[in-house]
Amino acid sequence: MRIVPSVAAAAALLAAGFALGSAVPAVPTLPDRLRQTLAAAGLARPPADDPDHRAAAAAPGRPEAAPDPHAGDDHADHGRAHDHAHDHAHGADEAHERGTIRMRPDQVVGQDIVTRTVGGGTLARHLLVPGTITPDTDRIARVPARVVGTVAEMRKRLGDAVQTNEVVAILDSREVADAKSEYLTAQVQAELQTINFERQQKLLASRSASEAAFETARAAYLENRLRVDLARQKLSALGLDAAEVAAAQKRDEATPNQSTLRRYPLRAPLAGRIVERKVDAGTAVGKEGDPADLYTVADLSTVWIELSVPTLDLAQVREGARVTVTPGRTGEAERRAEGRVIFVSPFLNPDTRSARVVVALPNPDLAWRPGTFVTAEVEIAQDAVPVRIPKAAVQTIEGRSAVFVRTAEGFEKRPVTLGRSDDEAYEVTAGLEPGAEIAVGNAFLLKAELGKADAGHDH
C-alpha cells in the first residue's frame, strides 16, 4: 500500500528547500541528481559552468535575468578615477615642460607682482673712487678786521645763520673816525666854496667884481670838490657809504650824547652759517700780530668732493660726468646723493701719481659734512642696448638665467642670455624681444611657485 504525504508535510519540505536555496545559491558539492532536481524546482542556481544551465539560459522562451544596475559600479568608478588621474598627470607634465604658472589677474595684484614692458635703454659704467668732502671754496668767506680798532660788539654766535651784507660785529676805531671826519669836513667846505663861487660868478656878470676874484673862488671850489671825492673814496675803501655817514652825522646832531663817528660795522660777505669765531668783545684787531679775522662764514648748501683718480683711469673721467656718492662708513650705504664733476686737474701729484678731481655735490639738508670720507661712483661710459631689463627681474633656475613673461593664463618661464650690466640692469642678448611684458617686482614668488610645481611633478 503506497503512503501519500500530507499537504502540510509537502509545504514544510518546500519551505526548507527555499531556505536552503537562499543560503547556498550554488552548492557544487551536492550530487548531480539532487542539484538538478533542486534547480528544476527553482530552489538552487546551478554553477555557471554547468552546460545544462547554459543551455537552459539560452533556451527559447525562458526569461533572461535583468542585469543589476549597480553591478560593476565600483569597478567603473575606479576606472574613471584612474583615467582622470592620468589626464591630470599628463597636463601637469605638459605645464612643467612649458614652465607655465597659471595665475588670475587678482592673484597677480594680491601678491604685488609688478610687471613692465621690455624695451631698450642705456647701461652706465662707473669707476669707484674714494674721496673727502670739503667746503666749496666759492662759498666760504672770512669777515676781516679791515681797520685798526677794538671789537665793541660780537652779534653772532657759532652756528648762527647770516644773510648777505648783514652786520655781524661792531669795531671801535679811531682810523674810521678820522676818515669820517675828513669826509664830513670836506663836504662842509665844498658847500661853502660852492656858494662863494656862484656869488663871484654873478658879480662878474654884473661887472661888480674883478675877474681875479672870480678865478680865486673858482679854484677854491674845484679844490674842495676834489677833497670831497678823495674822502668819499677813502670811505669806500673802508667799506663805508658816504651817504650813510652823512645821515648818521645828522642823527648824531639830534642826539649829542651818542656818536657813531668811531663805530665801524662789519658785514657778512655772503649768506650761510658762522662756522668759526676767532675773537671776543674787547679784542684789539687790525695791527700786525693782531687777529686779522673775526668770523668764518660758509654756505654748505653745496659742498665739494676731492677725489684722487689714478693715472690709468684718468682718461675715462670727464668734466660734467655724473657721480653717485655714498658714505664711506659701513651701515650708511642707504644714503646716496648725486653730483657732477666740475674740474679735472691737468697736473699729477708727483707722490701719488694721481690727479685731483673735484665733484660739486648739492647739500640742501647739510647732511654731508666737510671732512667726511665717501665713496664716489664716477660715470665713465654709457652704452645703448636694444633690450634692457632690471636686475630684479632675473631669476636663476636650474643654473640658468630666466625671466617670467606675462601671458593670458599667468606667467611663463623664459630662459635668457645676459650681456653687459651696470648697477641696476642687464642687457639681454637672446631669449627676449622688446615689447614683451615681464615680472620685475617680486619675481622670486613666481620662482617659488614654479619650484612647488616641480616638486609635485617629481612626487
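Before reading on, note that the structure itself is shown above.
Residues numbered from 1 in each chain as written. Predicted model: local features only at pLDDT ≥ 70, side-chain atom pairs only at ≥ 80, totals over all residues. Heavy atoms only, no water.

1. Here's the deal with the overall build of the protein
Phase 1: When helices and strands are counted, the protein shows 10 helices and 22 strands.
Phase 2: The buried share of the protein, taken over its 459 residues, is 31%.
Phase 3: Long-range pairs, those at least 24 residues apart, make up 73% of the contacts in the protein with a sequence separation of at least 6. (Helix = DSSP H or I, 4+ residues; strand = E, 2+ residues; numbered from the N terminus. Buried < 20%, exposed > 50% of the residue type's maximum accessible area, 1.4 Å probe, protein only. Contact = heavy atoms within 4.5 Å.)

2. Side note on the sheet that holds strand 10 (residues 284–285)
Phase 1: Reading across from one edge, 8-7-5-10 is the order of the four strands in this open sheet, with antiparallel pairing throughout. If you trace the sheet from one side to the other, it starts and ends with strand 8 (263–267) and strand 10, each paired once.
Phase 2: Of the strand pairs in this sheet, strand 5 (residues 149–154) and strand 10 are connected by two bridges, and their pairing is antiparallel. The residue of strand 10 that forms the bridge with Gly-149 is Val-285. (Pairing = 2+ DSSP bridges.)

3. Points about the side chain of Asp-252
Phase 1: Here Asp-252 shows up in helix 8 (residues 242–254).
Phase 2: Arg-251 provides the closest opposite charge to the buried, salt-bridge-free Asp-252, at an N-O distance of 6.0 Å.
Phase 3: Excluding its chain neighbours within four sequence positions, the residues that come into contact with Asp-252 are Gln-258, Ser-259, Thr-260 and Leu-261. (Lys, Arg positive; Asp, Glu negative; His and termini not counted. Salt bridge = Lys/Arg side-chain N within 4 Å of Asp/Glu carboxyl O.)

4. Considerations on unusual backbone geometry
Phase 1: A positive phi angle is found at Arg-353, which is not glycine, with a value near 55 degrees.
Phase 2: Looking at where Arg-353 falls in the secondary structure, it is placed in the loop between strand 14 (337–348) and strand 15 (354–362).
Phase 3: Relative accessible area serves as the criterion here: at 49%, Arg-353 is assigned to the partly exposed category.
Phase 4: Backbone geometry places Leu-366, a non-glycine residue, at a positive phi of 60 degrees.
Phase 5: By the secondary structure assignment, Leu-366 is in the loop between strand 15 and strand 16 (373–390).

5. Here's the deal with the packing of helix 6 (residues 174–205) against helix 7 (residues 211–237)
Phase 1: Between helix 6 and helix 7, the shortest axis-to-axis distance is 8 Å and the interhelical angle comes to 155 degrees. Our classification of the angle between helix 6 and helix 7 gives roughly antiparallel. Crossing of helix 6 against helix 7: the hand is left-handed.
Phase 2: In the contact of helix 6 with helix 7, the residues fall into 14 nonpolar, eight polar and eight charged. (Axes fitted to C-alpha atoms, helices over the stretch in contact; angles between N-to-C directions. Parallel < 35°, antiparallel > 145°, perpendicular 65-115°, else oblique. Left-handed = near helix turned anticlockwise from the far one by under 90°. Nonpolar A, V, L, I, M, F, W, Y, C, P; charged D, E, K, R; others polar.)

6. Structural notes on the sheet that holds strand 9 (residues 272–277)
Phase 1: What the four strands build is an open sheet, ordered 4-11-9-6; its pairing is antiparallel. Bordering the open sheet on either side are strand 4 (140–144) and strand 6 (161–162), each of which pairs with just one other strand.

7. Brief notes about the environment of Asp-138
Phase 1: Residue position: Asp-138 is located in the loop between strand 3 (119–135) and strand 4.
Phase 2: Asp-138 sits 164 residues away from Thr-302 along the chain, and the two C-alpha atoms are 9.7 Å apart.

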